[in-house]
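Chain by chain, the residues:
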Amino acid sequence: MLLSSLVINGLFTGLIYGLIAVGLTVIFGVMRIINMSHGDIVMLGMYSAWILFEKFGVSPYVSMFLTAPLFFLLGSLIYEILDPIPLKRREMSSLIITLGISFVLATSAMLIFTADYRTVTLPYSQRVIDILGTRLGYPALISSAISLVLMCLFRLFLSRTHIGRAIRATAIDRTSAALLGVNVKRISQATFGAGVVLAGLAGGVLAPIYYVYPFVGSNFIIKAFAVVVLGGMESVTGAIAGGLILGVAEALGGAFLEHSLKDIIVFVLFLGVLFFRPTGLFGGRERNR
Amino acid sequence: MDYISPTSIDARLAEEVALSRNVIALIIPFIILFPVTASAQETFRIGAPLPMTGAGAAFGEKFKKAYTMAIDEINAKGGVNGRKLQLVIDDTQAQPPLAVTSVKKLVTSDNVVALIGGWASGVALAVAPLAQELRTPYLLDHPALDDITRQGNDCVFRLQPTTGMYSAALEDFLINVVYERQKKPIKAAYLYVDNAFGQGVAKYGIMPFFKEHSDRFVLGVCEAYSEKALDYKPLLLKVKNASPDVIIFTSYLTDGILLGKQAKEVGLTAKLVSGTGAGHSMQDIYEKSGGAVEGYFSSGPWHGDVTSPAWKKWRGDWEAKYGYPPGEHEIEGYVAIQVLARALESVKSRDVVRQREELRVGLKRTTMVTIFGPVKFENFDGYTNQNRAYNLTALGQWIGGKLYQVWPKRVAERDPKY
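None of the values given here were measured: they were computed from a predicted structure. (Residues numbered from 1 in each chain as written. Chains lettered and ligands numbered in written order. Predicted model: local features only at pLDDT ≥ 70, side-chain atom pairs only at ≥ 80, totals over all residues. Heavy atoms only, no water.)

1. Overview of the overall build of chain A
In step 1: Scanning chain A from N- to C-terminus turns up 12 helices and two strands.
In step 2: Secondary structure elements in chain A, listed N-terminal to C-terminal, are α-α-α-α-α-β-β-α-α-α-α-α-α-α.
In step 3: The globule rule puts the C-alpha radius of gyration for 289 residues at 19 Å, and the 19 Å found for chain A is close to it.
In step 4: For chain A, the residues scored as buried account for 57% of the 289 residues in total.
In step 5: Pairs at least 24 apart in sequence give 76% of the contacts found in chain A among residues at least 6 apart.
In step 6: Just so you have it, chain A exposes about 12,200 Å², and 71% of that area is on carbon and sulfur atoms. (Helix = DSSP H or I, 4+ residues; strand = E, 2+ residues; numbered from the N terminus. Rg over C-alpha atoms; globule rule 2.2 N^0.38 Å. Buried < 20%, exposed > 50% of the residue type's maximum accessible area, 1.4 Å probe, protein only. Contact = heavy atoms within 4.5 Å. Areas by Shrake-Rupley, 256 points an atom, 1.4 Å probe, with all protein chains shown as cover.)

Okay, here's the thing in structure tokens:
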């Protein structure tokens, strides 16, 4: 009973971890950019959901799609800053630049929204549903379901559409992709935009179940990296699986070990995967670039 | 205590000349700067290392409001000994290493006569030895970890209950009401945030209590949890599985909000659920958990003697100025400035180093009754300069969106719903 509740709960939380991480995965996969501002973009997603809910009563589950174009724009703009860096130096330089962007975003949010904690309390936030003897709140359930659907759609987008194939081609080999007529810069920019949109959407699903304050991004970034490493750096399926593994591992660890030790599980998994399977559980073989 | 006055430095300098030119080169700037900065104290500057950004910023803001209100009132009446009080805040982000830098700056560059606040126990733990080293009186108004006033520092003072005292009112209620009603051993669960504050309440308050009363209470699940987790449901499911009669949380705000919401989600209930001050005593926990903490108790520093006319007047003034009812943080901060102002009356010197020593002696001699309760800094049971504040705790209960003091009976605003 307890065990099944823990596993079910872990799976649902894991789907949200997956959505937080998938944007990070795709940006790293295509552009070799380690986006340290990812958590802060999630924070912006949470704030935009909060504002639209407070001012206009729009549910975060709706508003997250309304604000998506703005996040695409933001992503494209950030990419403009990063694009001139030569590919060879990109991993380190982008890490430092996006860390700077992270500070700018967090402190700007601080100036605009102050340090107060904000929460979105939906009319049905106290209602619960029983799934196989496990009680789940409506918001947690909806957030997890939306996360799963979004990730599946994104996976289909990558495999079934022309742009998706161009993104994957760019990730595999930029030069060949360019020779085959892919506009690598535009594709990279669009991918960055898409990654940022995914982070914004993650903010939307988090808003009803978590709290937001300007520095909340730091709570997500480590988990997101762990998921990315677990699942493989460039794989959407990997991000979903990594999220689920992390969610369940944390749930079981949190219950059967000391709760305060559960972050250790994240890092042990993280190091274990790096040691035994550096490309991640679902990552491809190391490619020469 | 030896004072370093400009003349004594001059005398020392005469000896140094014979030793080394380099030493002189190092000392000269201090000789030039020292008399200027040290004597130009037309105001009493009070340094407050506070979290104005970062996760603790909401608390920093509360103390800023409390200090400002008290200082404005004192200055409106002409200040202390004809000198105005001036608040100098430095942002610590509630991080001990930054707090150390803040305090060095406040003492050596801003020339504050005293240090106040700090909010987080972890911060105060780093600041206290530094204040001692710099011989600058440090008045704690909220950091509650017992160890801070158990290190024999004569420059460190605390007016409010320590963490070990926070649960005093709850313990009293557990024995006199909960146990008396049930008359058989009571199953308890305890979850506390894994930081200096949580460990302090656990080590000096809750755990010794359950150990001492193990004939009446059985402590089952007892765990520290990490503050920034997204999901506490696994832990709460574990507690639910043990079906305790009493659940106690020691939490800050954000973790308290999530614990309240998620406890409701997993259907965790008990005859009594109580926090131990901090997050559970803040208005935000009720609003931001969507009322999930309705019926929860919270034991901690009381909100003052709410039956007294002076307290009622202060509450009215506070609401008029800031538009919300004050809680424990607000009254602690407000009273801390009053205590400092009283002690500053004995400060006559113009030199800031002397002022600090005079203030330290003044604080040691201070005996006053404030709207928070009696304040007197004593050495007892291993504590140094600690107010005996066991009685300055109360048990509140969230009823209809408001935290009412419900225990002890003499200060109860209404009867507990239990």
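Continuing now.
2. Quick word on helix α9 (residues 233-241) of chain B
All names here are of chain B.
In step 1: For α9, the buried fraction is high: seven of the nine residues fall into the buried class.
In step 2: Within the sequence span of α9, burial applies to Lys233, Pro234, Leu235, Leu236, Leu237, Lys238 and Val239.
In step 3: Within two residues after α9, Ser243 carries a phi angle of roughly 35°, on the positive side.

3. Quick look at the sheet that holds strand β9 (residues 272-275) of chain B
Residue and element names in this part refer to chain B.
In step 1: Here we have seven strands laid out as an open sheet, ordered β7-β6-β8-β9-β10-β14-β15, and mixed in their pairing. Across the chains shown, the open sheet's two edge strands, defined by having one partner strand only, are β7 (217-225) and β15 (402-407). Adjacent strand axes in the sheet meet at a mean angle of 25° when their direction is disregarded.
In step 2: Relative to strand β8 (residues 246-250), strand β6 (residues 186-193) runs parallel, the two sharing five bridges. Note on β8: the bridge partner recorded for Leu191 is Phe249. (Pairing = 2+ DSSP bridges. Axes fitted to C-alpha atoms, helices over the stretch in contact; angles between N-to-C directions.)

4. Focus on a positive patch on the surface
All names here are of chain A.
In step 1: On the surface, Arg155, Arg160, Arg165 and Arg168 cluster together into a positively charged patch.
In step 2: Elements represented by at least two residues in the positive patch include exactly α6 (138-160) and α7 (162-172).
In step 3: Inspection of the secondary structure puts Arg160 in helix α6.
In step 4: By relative accessible area, which is 62% here, Arg160 ends up exposed. (Patch = residues over 30% accessible without salt bridge, like charges linked within 9 Å, V, L, I, M, F, W, Y side chains within 5 Å. Salt bridge = Lys/Arg side-chain N within 4 Å of Asp/Glu carboxyl O. Lys, Arg positive; Asp, Glu negative; His and termini not counted. Charge placed at Lys NZ, Arg CZ, Asp CG, Glu CD.)

5. Regarding the pattern of salt bridges
In step 1: For the coordinates displayed, the defined rule picks out 23 salt bridges over all chains.
In step 2: Put simply, Lys185 of chain A and Asp83 of chain A hold a salt bridge, and the shortest N to O gap is 3.8 Å. Residue Lys185 of chain A is located in helix α9 (residues 184-206), and its partner Asp83 of chain A is located in the loop between α4 (68-82) and α5 (90-113); the two are separated by 102 residues in the primary sequence.
In step 3: Note on Lys185 of chain A: relative accessible area 30%, which makes it partly exposed.
In step 4: Residue classification places Asp83 of chain A among the partly exposed residues on the basis of a relative accessible area of 21%.
In step 5: Put simply, Lys288 of chain B and Asp284 of chain B hold a salt bridge, and the shortest N to O gap is 3.7 Å. Highlighted residues: Lys288 of chain B and Asp284 of chain B, both in helix α11 (residues 283-288), separated by four residues, approximately one helical turn.
In step 6: You can call Lys288 of chain B buried: its relative accessible area is 13%.
In step 7: Bridged by salt links that share partners, the residues Glu80, Asp83, Arg90 and Lys185 of chain A form one connected network.

6. Describing the side chain of Asn219 of chain A
In step 1: Along the chain, Asn219 of chain A turns up in helix α10 (residues 217-231).
In step 2: On the accessibility criterion, Asn219 of chain A (10% relative accessible area) is buried.
In step 3: Residue contacts for Asn219 of chain A: discarding those within four places in its chain leaves Tyr210, Tyr211 and Tyr213 of chain A together with Lys228 of chain B.

7. Quick look at the confidence of the model for chain A
All names here are of chain A.
In step 1: Of all residues in chain A, 97% attain a pLDDT of 70 or more, and the chain-wide mean is 88.
In step 2: When the elements of chain A are averaged for pLDDT, helix α12 (residues 262-276) gives the smallest value, 80, and helix α2 (residues 38-56) the largest, 96.
In step 3: When the criterion is pLDDT under 50, residues 285-289 qualifies, and its contacts beyond four places in sequence or with other chains add up to nine contacts. (pLDDT = per-residue confidence, 0-100.)

8. With respect to the interface of chain B and chain A
In step 1: Across the boundary between the two partners, chain B contributes 40 residues, which contact 39 residues of chain A.
In step 2: Interface area, chain B with chain A, both sides summed: about 3,200 Å², of which 57% is carbon and sulfur.
In step 3: When the buried surface of chain B facing chain A is broken down by residue, Leu230, Glu265 and Lys288 of chain B rank first, second and third, together holding 20% of it.
In step 4: In this assembly, chain B and chain A are joined by zero salt bridges.
In step 5: Where chain B touches chain A, the interface holds 13 residue pairs in polar contact (both at pLDDT 80 or more). (Buried area = accessible area lost by both parts, 1.4 Å probe. Polar contact = N/O pair within 3.5 Å; in protein donor to acceptor, adjacent residues only side chain to side chain.)

9. Quick notes on empty space enclosed by the protein
In step 1: Counted by the stated rule, this structure contains five cavities of 30 Å³ or more.
In step 2: Volume-wise, the largest cavity comes out at about 310 Å³.
In step 3: Contributing to the lining of the largest cavity are 26 residues, with Ala140 and Ile209 of chain A together with Lys233, Gln262 and Glu265 of chain B lying nearest its centre. (1 Å grid on protein atoms, 1.4 Å probe; cavity = no way out; pocket = protein on both sides within 12 Å on 5 of 7 lines; lining within 4 Å. Points joined across faces, edges and corners; volume = space filled by probe spheres on them.)

10. Notes on unusual backbone geometry
In step 1: The residue after Trp407 of chain B, namely Pro408 of chain B, is reached through a cis peptide bond having omega -5°.
In step 2: Of note, Trp119 of chain B is a non-glycine position whose phi angle comes to about 65°, a positive value.

11. A closer look at the packing of aromatic side chains
In step 1: If you walk through the whole model with that rule in mind, you get 34 aromatic pairs over all chains.
In step 2: Between Phe275 of chain A and Phe276 of chain A, the ring centres sit 5.0 Å apart and the planes meet at 85°, which makes this aromatic pair edge-to-face.
In step 3: For Phe275 of chain A, a relative accessible area of 65% translates into the label exposed.
In step 4: Residue Phe276 of chain A is classed as exposed on the basis of its relative accessible area, which comes to 69%.
In step 5: The interplanar angle of 55° and the centroid separation of 4.6 Å between the aromatic rings of Trp318 of chain B and Tyr322 of chain B together place this pair among those described as tilted. Taken together, the residues span about one helical turn, with Trp318 of chain B and Tyr322 of chain B both in helix α12 (residues 309-322) at a distance of four residues.
In step 6: Look at Trp318 of chain B and you get buried, because its relative accessible area is 0%.
In step 7: When the ring centre of Tyr383 of chain B is taken as origin, the NZ or CZ atom of Arg150 of chain B, which lies over that ring, is 4.7 Å away. (Phe/Tyr/Trp six-rings, centres within 6.5 Å; stacked < 30°, edge-to-face > 60°. Lys NZ or Arg CZ within 6 Å of the ring centre and 35° of its normal.)

12. Thoughts on α4 of chain A
All names here are of chain A.
In step 1: Over its 15 residues, α4 extends 21 Å from the first C-alpha to the last, a length consistent with the 21 Å expected when each residue adds 1.5 Å.
In step 2: Regarding α4, the residues found buried are Ala68, Phe71, Gly75, Ser76, Ile78, Tyr79 and Leu82. Angularly, the buried residues of α4 cover 165° about the axis, an arc narrow enough to put them on a single face. Opposite the buried face of α4, by more than 90 degrees, sit the exposed residues Pro69, Leu70, Leu73 and Leu77.
In step 3: Structurally, α4 contributes buried residues whose contacts are with α1 (2-31), α2, α3 (60-66), α5, α8 (174-179) and α9. (Expected span 1.5 Å × (residues − 1). Arc of directions from axis to C-beta.)

13. Some details on the pairing of strand β2 (residues 84-91) of chain B
Residue and element names in this part refer to chain B.
In step 1: Relative to β2, strand β1 (residues 43-50) runs parallel, the two sharing eight bridges. What sits directly across from Leu50, in β2, is Asp91.
In step 2: The β-α-β motif built from β1, the intervening helix α3 (residues 57-76) and the parallel element β2 has right-handed crossover chirality. (Right-handed = clockwise from strand over helix to strand, strands pointing away.)

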